[in-house]
Amino acid sequence: MTPVYWGSYAPEIETAIKDLDFTYKIIRIVTTHEGSGLANVVADIKKICKGANILNDSIAIKGTDCINARSKIENWI
Ligand SMILES: Cc1cc2nc3c(=O)[nH]c(=O)nc-3n(C[C@H](O)[C@H](O)[C@H](O)COP(=O)(O)O)c2cc1C
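## Overview of the sheet that holds strand S1 (residues 2–3)
Then, number 1: Across the sheet, three strands lie side by side as S1-S3-S5; this open sheet has parallel pairing. Lying at the two open borders of the sheet, with one neighbouring strand each, are S1 and strand S5 (59–62).
Then, number 2: Judged from the two bridges that link them, S1 and strand S3 (residues 30–33) form a sheet pairing that is parallel. Within the sheet, the bridge partner assigned to Thr2 lies in S3 and is Thr31.

## Some points on the nonpolar core
Then, number 1: Within the largest apolar cluster, six residues are counted, these being Val4, Tyr9, Ile29, Val41, Ile45 and Cys49.
Then, number 2: Ignoring anything within four residues of it in the chain, the contact list for Val41 reads Thr2, Val4, Ser8, Tyr9, Ile29 and Thr31.

## Brief notes about the site of the ligand
Then, number 1: Close contacts around the ligand come from Pro3, Val4, Tyr5, Trp6, Gly7, Thr32, His33, Glu34, Gly35, Ser36, Ala39 and Gly63, and that covers them all.
Then, number 2: In terms of residue class, the shell around the ligand is made up of five nonpolar, six polar and one charged.

## Thoughts on the pairing of S3
A regular strand places its side chains so that they alternate between the two faces of the sheet.
Then, number 1: Pairing analysis gives four bridges linking S3 to S5, with the strands arranged parallel. Residue pairing across strands places His33 opposite Lys62, the latter belonging to S5.

## Thoughts on the environment of Asn53
Then, number 1: One can find Asn53 in strand S4 (residues 53–54).
Then, number 2: Residues Asn53 and Arg28, 25 residues apart in the sequence, show an inter-C-alpha distance of 8.8 Å.

## Thoughts on unusual backbone geometry
Then, number 1: The backbone of Trp6 sits at a positive phi, close to 50°, despite the residue not being glycine.
Then, number 2: Mapped onto the fold, Trp6 is located in the loop between S1 and helix H1 (11–17).
Then, number 3: Even without being a glycine, Tyr24 presents a positive backbone phi close to 70°.
Then, number 4: Mapped onto the elements of the fold, Tyr24 is located in the loop between H1 and strand S2 (26–27).

## Let's talk about the environment of Leu20
Then, number 1: Its location among the elements puts Leu20 in the loop between H1 and S2.
Then, number 2: The exposure class assigned to Leu20 is exposed, which follows from the 11 C-beta atoms found within 10 Å.
Then, number 3: In this structure the C-alpha to C-alpha distance between Leu20 and Ser71, which are 51 residues apart in sequence, comes to 31 Å.

Each value, and the rule that gives it
Residues numbered from 1 in each chain as written. Predicted model: local features only at pLDDT ≥ 70, side-chain atom pairs only at ≥ 80, totals over all residues. Pairing = 2+ DSSP bridges. Helix = DSSP H or I, 4+ residues; strand = E, 2+ residues; numbered from the N terminus. Core = buried A, V, L, I, M, F, W, Y, C linked by C-beta atoms within 7 Å. Buried ≥ 20, exposed ≤ 12 C-beta atoms within 10 Å, placed from the backbone. Contact = placed C-beta atoms within 7 Å. Near = placed C-beta within 6 Å. Nonpolar A, V, L, I, M, F, W, Y, C, P; charged D, E, K, R; others polar.

Listed below in C-alpha cells is the structure:
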C-alpha cells in the first residue's frame, strides 16, 4: 500500500523494498490518492519489483474516503 506522491509510489516504498528478492512473490497494490487513482504506481512497481507476480486487481482509494473504505477493502481481500 502506498499513497500516490507525484504520480507514483511514495519514495519510502523504494527505500523499504529496493534490496528485496521478489522472485515468486505475489504483489497486490493499494493506493491512496487525492485524484490520481493508481496513477503510474503499477507500472513503476513493476520496474522495481523484478520477478514479482503483480496481480491485475489493484485498487485506489481517495484519501478522504478511507474512513468509509472498510467494506471495499474487505471485498477486495
Ligand atoms: C508530496 C505529495 C505528493 C502528492 N502527489 C499526489 C499525486 O500526484 N496525485 C494524487 O492523487 N495525490 C497526491 N498526493 C496526495 C496523497 O496521495 C494523499 O495525501 C495520500 O494518499 C493520503 O495519505 P497520507 O495521509 O499518508 O498523506 C500527494 C501528497 C503529497 C504529500
